[in-house]
Structure formats: structure tokens, C-alpha cells
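# Chains, contacts and geometry: an overview
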Amino acid sequence: MITTETSITVKKTTKSRISELNEATMGFGKVFSDHMFVADYSNGQWAKAEIVPYDKISISPAGSMMHYGQSIFEGMKAYRTDQGRILLFRPLSNHKRLNISAQRMCMPVVPEELFMEGLLKLIKLDSEWVPKGEGTSLYIRPFMIATDDSLGVKASDTYKFLIITSPVSKYYSDPVKVLVETNYVRAVEGGVGFSKVSGNYGRSLYPTKLAMQKGYQQVIWTDARHHRYIEESGTMNVMFVIDDTVITPPLGDTILAGITRDSVLTIARDWNVKVEERKISIDELIDAHKAGTLQEAFGVGTAATIAPISLIGYEGIDYSMPVLKNNSFATRVAMELDEIRKGRKSDKHNWIVSV
Ligand code: COI
């Protein structure tokens, strides 16, 4: 049972910016709501925790996160129901994953009570910022940074954990064109690809820029050893439907344990759709495309939700993906997730936390 204790102090803004919230123009992650949650870690414990007006934070130029990359984050969403209630989708899964990232990066874990109390209090305070329109939500970005004022290469002794929120609409407005990347890599065995480490995203920018210059929006990452097996697409997990079977690369060192990925696979299994979490090579994908058995290709992630892939470029050839129909698996699962997140369907897996 989660309670909203009042050990978190609240300093309300005197200048709300809510009048600037325009659902038609908000896009993704450009506008931030009025408040943020901040907790400080030092002397082996989380001490000061407060909700304050959204503003710049002050960090020493020697702050170790900026030099040695101890920085992790999460992404989740709050939805407004037709009745105006506010629901969070799987926040406890995000909390769990944050701590998996923290452990890998030698950072302190965030206790569940601190995470959930800070989160619930913040969303309650900024509830007006949860947009109403179809396809909109309040994107929630918890993150932790190392703050030691020191250039020695070692795990920091001090950290900040923050939660900021941003009203958003769709991440991709159209189906995405992706290029299979066979030179650069996102993740390696023994590395940090399974976790939400900021550096995973920084390292993706240059290959993505090169793909964009060729007319694609994203890359499909392949394995570092052979450049043969598909891993993820851009910032999303990736799924294919071949011969009525949903296929996605298996979790491991190099694949992020996506919460949307897990939700989609859970719903597929509920529906008795065949699911295979296994390696899939780019050759197998192209062969299925040629044989006409590749039915769907799509990315799944918190920000993007379900993002249809319209085209895959590989070795100089562009392969058009089948257009998703109303009865395609990806379309149906996107609708199902939407219904659950908006509280219109029963929440049989206990994914929803009411604010
Ligand atoms: C998310 O889906 O929350 C992500 O991590 C993508 C984000 C980097 C925009």
C-alpha cells in the first residue's frame, strides 16, 4: 500500500504557466509543467526531498555526471480518463528498472516509497497539466545524476534524483522509415544496453544523424559481433509479425527491458497469439518479406507507444513494409493498451496506479 507521506516538503510556484499549455502545439518534451521533485543523496542516504517550482538546478562544473556519465533515467506516462481521473501506467515497473540501471552504474537505489510518494504528490499538484486529447498524456521523466565535485574517476558519493513532467502528444506522427545499421552499435555484451543509461542515447545520435541524411528517421541496431541480428529500433524495442507469430529479440545484455514491450507481449499471450522472444536475423526478415510472410513491423516504447515501421533500408535496398490494417496485431494492441491506460478496460494485470 502506497501512502503519500508528508516528509516531502512542497514549495508551490506563484507563477503557474498552465495558460501556456496548448494541446495542438505541445509536441514531445518541449513544455514542462509547473513543478519538479528533487531528492538529494549524501552520507549514504536520501535526505532532503522536496517539490519545487520547475527551474534550473545548480551543479558544480566539476559535477561527476558531466565528466564520467553517471546518469540514468526513466520514462513513463500519466493519462486522463474520460471522467477526468488521472492514471499512471506501470510506475512500479519503472521504479524497478531505475534501480537496475542504478546498480549497474554504481549509483544508490531509490526506495519505492520515495519514488512513489514523490511521483504521486508531484502529479497531484500538477494535475492540470495532464492533457485531455486522444493520443496525449503527461510524460514523466524520473532521472538520477551524480553530483560529486571531483575529477577523480570513481563512483560519486552524492546524487540528485529528480522527476520532471511534460505534456506530450505522439512522438512519431507518421510511420517511420528505418535503416539497418551495420557499422555503429548501440550496445555490446557486458555493456549497459539493457539499462536506461543516458550514454546509450548520446551514442546513438551520430549514426541516427547519418541515417537521417539518407532520408530515414531512425536506425535498426544490429548485434555488435556479427551485425546480423536485430536488436532495437532507435529508442524503441522492435517487433515483427511473421506467419501470425509476434517475434521480438530476447532480453539480455543488449536489449532494454521495455515496459511497453512487456505489456504488448503480455496482451499477445492473453489473446493466445503466438509469441517468440528469440534472435531474428536481418536475413530472416528479408526472406520473410520476399516470401510474403512478413505481415507487420513496428517499434514499441513509452514515448512512441506503438510506432509502425513503413520501410526498412538494408544494403542499398528499401523494403516497403506491409501497411497496418484495423485488424493488424499492432493496431489492435495499440488500441487495447490505450483502453487500459485510459481506464476504459479492466486492468487485469494491475498495471494502473490511480493518482
Ligand atoms: C521512452 O520511450 O521513454 C524513451 O526512453 C524514449 C525517450 C528517450 C524519448
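All figures in this text were calculated on a predicted structure; none of them were measured in a lab. (Residues numbered from 1 in each chain as written. Predicted model: local features only at pLDDT ≥ 70, side-chain atom pairs only at ≥ 80, totals over all residues. Heavy atoms only, no water.)

## Here we look at the domain arrangement of the protein
Rule in force here: An automatic or database domain assignment supplies the start and end points of every domain. Throughout, the accessible surface (probe 1.4 Å) given up by two parts as they are put together, summed over both, is called the buried area. When a carboxyl oxygen of Asp or Glu lies within 4 Å of a side-chain nitrogen of Lys or Arg, that pair is called a salt bridge. Side-chain atoms alone can form a polar contact between residues adjacent in sequence; in general such a contact is a pair of N or O atoms within 3.5 Å, and within protein one must be able to donate a hydrogen while the other accepts it. Strands here mean DSSP runs of E at least two residues long; helices mean DSSP runs of H or I at least four residues long; both are numbered from the N terminus. By the convention adopted, Pro, Cys, Tyr, Trp, Phe, Met, Ile, Leu, Val and Ala count as nonpolar, Lys, Arg, Asp and Glu as charged, and the other residues, Gly among them, as polar.
Each assigned domain of the protein is listed with its residue range as follows: domain 1 (3–168) and domain 2 (176–341). Spacing between the C-alpha centres of domain 1 and domain 2 amounts to 28 Å. Summed over both sides, the interface between domain 1 and domain 2 buries roughly 1,800 Å², with carbon and sulfur atoms accounting for 61% of that surface. Counting across the domain 1 and domain 2 interface gives 1 salt bridge. Two residues, R90 and D262, come together in a salt bridge whose shortest N-O distance is 2.9 Å. The interface formed by domain 1 and domain 2 holds 11 residue pairs in polar contact (both at pLDDT 80 or more) in total. Going through the elements one at a time, strand 4 (71–73), strand 5 (76–80), strand 6 (86–89) and helix 2 (91–104) are the ones with two or more residues in the side of domain 1 that touches domain 2. Per element, the largest residue contribution to the side of domain 1 that touches domain 2 is 6 residues, and it comes from helix 2. Here the residues of the side of domain 1 that touches domain 2 are counted per class, giving 10 nonpolar, 5 polar and 6 charged.

## Observations concerning unusual backbone geometry
Under the convention used in this document: Three exposure classes are used, based on accessible area relative to the maximum for each residue type with a 1.4 Å probe and protein chains only: buried under 20%, partly exposed in between, and exposed over 50%.
Backbone geometry at C106 places phi at a positive 60°, although glycine is not the residue there. When you line up the elements, C106 lands in the loop between helix 2 and helix 3 (112–125). The phi angle at D244 is positive, at roughly 65°, despite the residue not being glycine. As for its placement among the helices and strands, D244 is situated in the loop between strand 12 (236–242) and strand 13 (245–248). Taking the relative accessible area as the measure of exposure, D244 reaches 55% and is therefore exposed.

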